[in-house]
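Close look at the chain arrangement
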Amino acid sequence: MGLLDQEFSDSNIVITKAEDLLNWARLSSLWQLGFGLACCAIEMMATSASHYDFDRFGVIPRPSPRQSDIIIISGTVTLKMALRIKRLYEQMPDPKYIISMGSCSNCGGPYWEHGYHVLKGVDRVIPVDVYVPGCPPRPEALLEGLLKLQEKIRTESLSKKSA
Amino acid sequence: MKKADEILELLKSNFPDLPIEMDSETPTEPIISVPPKEIDKIGVFLRDNEELLFDSLMCLSGVDDANGEKIKEADESESIKGGTLSVYYHLHSTSLKHKITLKVSTERESPEVESVEGVWKTADWHEREAYDMFGIIFLNHPNLQRILMPYDWDAGYPLRKDYKNPEFYKGMKVPY
Ligand code: SF4
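What you are looking at is a predicted structure, and each value in this text was computed from that prediction instead of being measured.

1. Comments concerning the overall build of chain B
The helix and strand tally for chain B stands at three helices and eleven strands. When the helices and strands of chain B are listed from N to C terminus, the series reads α-β-β-α-β-β-β-β-β-β-α-β-β-β. Across its three principal directions, the C-alpha atoms of chain B cover 55 × 30 × 25 Å. Among the 176 residues that make up chain B, the fraction classed as buried is 44%. Considering only contacts within chain B whose residues lie at least 6 apart along the sequence, 55% involve residues at least 24 apart. Accessible surface, chain B: about 9300 Å² in total, of which carbon and sulfur atoms supply 50%. Where the 21 positive side-chain charges of chain B centre and where its 34 negative ones centre are 3 Å apart.

2. Regarding the overall build of chain A
When helices and strands are counted, chain A shows five helices and five strands. Helices (α) and strands (β) of chain A occur, in sequence order from the N terminus, as α-β-α-β-β-α-β-α-β-α. Against the 2.2 N^0.38 benchmark of 15 Å for 163 residues, chain A shows a C-alpha radius of gyration of 17 Å, consistent with a compact globule. Principal axes of the C-alpha set define a box for chain A whose edges measure 65 × 35 × 25 Å. Across the 163 residues of chain A, 42% fall into the buried class. As displayed, chain A has an accessible area near 8600 Å², and 56% of this comes from carbon and sulfur atoms. Where the 18 positive side-chain charges of chain A centre and where its 18 negative ones centre are 10 Å apart.

3. Some details on the pairing of strand S3 (residues 70–74) of chain A
Working note: regular strand, side chains alternate between the two faces of the sheet. Residues and elements named next belong to chain A. In terms of burial, S3 is largely enclosed, as five of its five residues are buried. Every second residue of S3 is oriented toward a common face, with Ile70, Ile72 and Ser74 on one face and Ile71 and Ile73 on the other, all of them buried. In the sheet, S3 pairs with strand S4 (residues 97–101) via five bridges, with the strands oriented parallel. When the sheet's bridge partners are listed, Ile70 is paired in S4 with Tyr97. Taken together, S3, helix H3 (residues 79–91) and S4 form a β-α-β motif whose crossover is right-handed.

4. Brief notes about the pattern of salt bridges
Residue and element names in this part refer to chain B. What the rule picks out here adds up to 15 salt bridges over all chains. Two residues, Glu117 and Lys121, come together in a salt bridge whose shortest N-O distance is 2.9 Å. The buried category is assigned to Glu117, whose relative accessible area is 10%. We classify Lys121 as exposed; its relative accessible area is 63%. Where Asp132 meets Arg146, a salt bridge forms, and the shortest distance between an N and an O atom there is 2.6 Å. With Asp132 in helix H3 (residues 123–134) and Arg146 in the loop between strand S9 (137–139) and strand S10 (168–169), the pair connects residues that are 14 residues apart, well separated along the chain. Neither residue differs from the other here; Asp132 and Arg146 are each classed as buried. Counted as one network, the salt bridges with shared partners bring together Asp64, Arg108 and Asp162.

5. A short note on the confidence of the model for chain B
Residues with a pLDDT of 70 or more make up 100% of chain B, whose mean pLDDT is 92. Overall fold confidence for the complex sits at a pTM of 0.82, while the interface term, ipTM, reaches 0.76.

6. With respect to the site of the ligand
Residue and element names in this part refer to chain A. In the vicinity of the ligand, the contacting residues are Ala38, Cys39, Cys40, Gly75, Thr76, Gly102, Ser103, Cys104, Pro110, Gly134, Cys135 and Pro136. Secondary-structure elements contributing two or more residues to the shell around the ligand are helix H2 (39–48) and helix H4 (102–107). Its residues placed into classes, the shell around the ligand shows seven nonpolar, five polar and no charged.

7. Here's the deal with the interface of chain B and chain A
Taken together, the contact between chain B and chain A spans 17 residues of the former and 14 residues of the latter. Buried area between chain B and chain A, summed over both chains or domains, comes out near 1200 Å², and the portion from carbon and sulfur atoms is 71%. Broken down residue by residue, the surface that chain B buries against chain A is led by Met172(B), Val174(B) and Tyr176(B), which jointly contribute 46%. Across the chain B-chain A interface, the total number found is zero salt bridges. Between chain B and chain A we count four residue pairs in polar contact (both at pLDDT 80 or more) in total.

Cut-off values and rules
- Residues numbered from 1 in each chain as written.
- Chains lettered and ligands numbered in written order.
- Predicted model: local features only at pLDDT ≥ 70, side-chain atom pairs only at ≥ 80, totals over all residues.
- Heavy atoms only, no water.
- Helix = DSSP H or I, 4+ residues; strand = E, 2+ residues; numbered from the N terminus.
- Buried < 20%, exposed > 50% of the residue type's maximum accessible area, 1.4 Å probe, protein only.
- Contact = heavy atoms within 4.5 Å.
- Areas by Shrake-Rupley, 256 points an atom, 1.4 Å probe, with all protein chains shown as cover.
- Lys, Arg positive; Asp, Glu negative; His and termini not counted.
- Charge placed at Lys NZ, Arg CZ, Asp CG, Glu CD.
- Rg over C-alpha atoms; globule rule 2.2 N^0.38 Å.
- Pairing = 2+ DSSP bridges.
- Right-handed = clockwise from strand over helix to strand, strands pointing away.
- Salt bridge = Lys/Arg side-chain N within 4 Å of Asp/Glu carboxyl O.
- pLDDT = per-residue confidence, 0-100.
- Near = heavy atom within 4 Å.
- Nonpolar A, V, L, I, M, F, W, Y, C, P; charged D, E, K, R; others polar.
- Buried area = accessible area lost by both parts, 1.4 Å probe.
- Polar contact = N/O pair within 3.5 Å; in protein donor to acceptor, adjacent residues only side chain to side chain.

This is the structure:
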């Protein structure tokens, strides 16, 4: 249940649990590390642009991992890049979330067998919250993935992390 | 504009001591084979000769001919001993509008080819790629290091026909 769906018991005072407030704040402004890897990144950019408008869910690209809440791994993760991704992820402040976008970063994609240079799934180096299938996933699919992540954050608890 | 056999004649008359041959049987294009250690001198001639003026190296590619002895290993995989690795050069003259393909072959065990980086600058990264993927050493290249694979990749050259991927790279599992 969204925070603002609840009735106002008095004029402009909302009573809620601290947990719900925090989760609501968190899920409504997921700043994204501006970072694309391969063909999937083109669809991610399309999702950010005006037609699909990622911004209406509070997702805006940030140029630094220090200011980011989520990282969308959008494309082929080569072994060379995997080390950099790991470092970027470690530079992000907690709480941080990861969406793995597309077959490549889910499991190696078209390179699963003969890709001598491709990591077969980004989850071998960093923990993934939501996997979005497709090659590439359409922007609608990425939006769906983001909504799934929001759902996940909404049920998070301060006492125990659900992820 | 010159035909392949005219170019071959020019090359032969200017380098009478070198074994220069042409293969006209290839369905796509005639290919002139030259010795790997002389390709730089031949390159300068092709570039500067008034009748040829090959000012553009369109592409340089390594090839594993896989024509050596194939040895079965205990784990069912195959390794290749002997035979050749080759480098192909596709040249174009932007002023005279003709093209030619050159080829050098070198031994798989010690693949050494003279660099043409000093003749056509394009060759710089192309030769690094051929080195990265096939392990072909380009003599006198100014900066022969890996270009696509990680600089510290020590598991061999991925486009060789008998290449085997390592199990791990820096703690990351490589096979599916
Ligand atoms: S999953 Fe497909 S579209 Fe996405 S990066 Fe890989 S090959 Fe490109």
